[in-house]
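Here's the letter readout for the chains.
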Amino acid sequence: MAETRWLESLREDPEAGAATWGGEGLSIPSAHRYALPTALFFVLWGLGSFATWWFMGPLWFLGYGISLVVALFFASALKVAAEWERMAVLRAGKFSRMAGPGILWLLPIFDTVPYVLDLRIIPFDVPKQKTLTNDNVPVTVDAIIYYRIVDPKAAILNVENYRKATQWGATSILRDIIGKSTLDQILAEREHLGRQIRQQLDGLTKDWGIQVPNVEIRDVIISEQLEDAIAREPAAEREKRARVKLAEAEKLTAQTIFDAARIYEQDPVALQLRSMNMLYEMCMEGKSTVIFVPTETKTGMPAPVGVFGLLDKLEQGTGPKGNRKLPEGHGE
């Protein structure tokens, strides 16, 4: 039943399995911490009981009690700390040393171990903080703080609870940094804001023996209306760039047409060649009917009967007085 209750509490509180501060909360039973002292106790008690029964005869119960006390004494004096653990040893209430890792012997009754510290990096998921930015925009920010103990003695003697102190300090600094930043800075400069939070938190926890290697702003939540407004801004910027590009293209096209017109004005033959090329392209399409209309000027659209148009051919067949030449054999 005890194990069932412990598992249920661990599901309700994920941080219940972490290394605890003093007697607060629950801790995961550590086999490396209790296996060796328990084995030593049973070995000493068994050997003492056997020796009492073998040598003391009728007074075996007296030897049995003595062996039990001796086994308890040595088992309570033996402690085992893992590679990532440090044990704070107090002798008669006064700080003695930080012990570990490995096997260590204590003086029972006089030496106590109130705290076991974990030197590994501890991640802390900062609860979502809803606050206003510097430009009065409501946002909800979610961050992760990574911290660790670099000075176990300072973490014990200088602060009552280094975990709560670090976590509450991170929450306050996060709200302060968000309040001093604009929405654009929060969205575009997350790494820079994370460095600012880490620097301020390092300054706060320096005297506690705590180091903050990294702070990550994981998520920034804003209202749906503001999301739509932010989404329209880059769309408007892209529309602006497209219109500018189109205007530049029209300007370049107009300049090119103007230069071509200057060339056609100076050389009418070039215009005639261009006109013939346009007629050729229209005839090659084969999807429309082309009607050739005679022109009055030499710069007009040419007909296939001559370079200078049908009117020029008719003028060549007219006399000096403007009369058309008749074929031979016909009178005037």
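Residues numbered from 1 in each chain as written. Predicted model: local features only at pLDDT ≥ 70, side-chain atom pairs only at ≥ 80, totals over all residues. Heavy atoms only, no water.

A. A look at the overall build of the protein chain. Secondary structure assignment for the protein chain yields 10 helices and 8 strands. Looking at the protein chain residue by residue over its 332 residues, the buried ones come to 28%. Contacts spanning at least 24 positions in sequence make up 59% of the contacts within the protein chain whose residues lie at least 6 apart. Within the structure as shown, the protein chain displays about 22900 Å² of accessible surface, and the carbon and sulfur contribution to it stands at 59%. (Helix = DSSP H or I, 4+ residues; strand = E, 2+ residues; numbered from the N terminus. Buried < 20%, exposed > 50% of the residue type's maximum accessible area, 1.4 Å probe, protein only. Contact = heavy atoms within 4.5 Å. Areas by Shrake-Rupley, 256 points an atom, 1.4 Å probe, with all protein chains shown as cover.)

B. How the structure looks around helix α5 (residues 162-180). For α5, which comprises 19 residues, the first-to-last C-alpha distance of 27 Å matches the rise-based estimate of 27 Å (1.5 Å per residue) to within 8%. For α5, the set of buried residues is Tyr162, Arg163, Ala165, Thr166, Gln167, Gly169, Ala170, Thr171, Ile173, Leu174, Ile177 and Ile178. The N-cap of α5, judged by a side-chain oxygen 3.1 Å from the amide nitrogen of arginine 163 a few residues on, is asparagine 161. (Expected span 1.5 Å × (residues − 1). Polar contact = N/O pair within 3.5 Å; in protein donor to acceptor, adjacent residues only side chain to side chain.)

C. Local environment of unusual backbone geometry. A cis amide bond links glycine 100 with the next residue in sequence, proline 101, at an omega value of 0°. Here proline 101 is to be found in the loop between β3 (94-99) and β4 (102-105). Here isoleucine 109, not a glycine, exhibits a phi torsion of approximately 75°, which is positive. Structurally, isoleucine 109 is set in the loop between β4 and β5 (111-118).

D. Structural view of the side chain of aspartate 118. Mapped onto the elements of the fold, aspartate 118 is located in strand β5. A residue is classified by how much of its surface remains accessible, and aspartate 118, at 10% relative accessible area, is buried. There is a polar contact of 2.9 Å between the side chain of aspartate 118 and the side chain of arginine 120.

E. Examining the pattern of salt bridges more closely. Under the criterion given, the structure shown has 8 salt bridges. Arginine 91 is the partner of aspartate 111 in a salt bridge, and the nearest nitrogen-oxygen pair spans 2.7 Å. With aspartate 111 in strand β5 and arginine 91 in strand β2 (residues 85-91), this pair connects stretches of sequence that are 20 residues apart. For the salt bridge of lysine 180 with aspartate 176, the shortest nitrogen-to-oxygen distance reads 3.4 Å. (Salt bridge = Lys/Arg side-chain N within 4 Å of Asp/Glu carboxyl O.)

F. Broad picture of the sheet that holds strand β7 (residues 138-149). Read across the open sheet, the 3 strands follow the order β6-β7-β8; overall the sheet is antiparallel. Each edge of the sheet is formed by a strand with only one pairing partner; in this case those strands are β6 (122-132) and β8 (210-221). In this sheet, adjacent strand axes meet at a mean angle of 25° when their direction is disregarded. Two strands pair when backbone bridges link them, and β7 and β8 are joined in this way by 9 bridges, in the antiparallel orientation. The residue bridging isoleucine 145 from the neighbouring strand is valine 215, located in β8. Set on the sheet, α5 makes contact with β6, β7 and β8; between it and β6 the angle comes to about 35°. (Pairing = 2+ DSSP bridges. Axes fitted to C-alpha atoms, helices over the stretch in contact; angles between N-to-C directions.)

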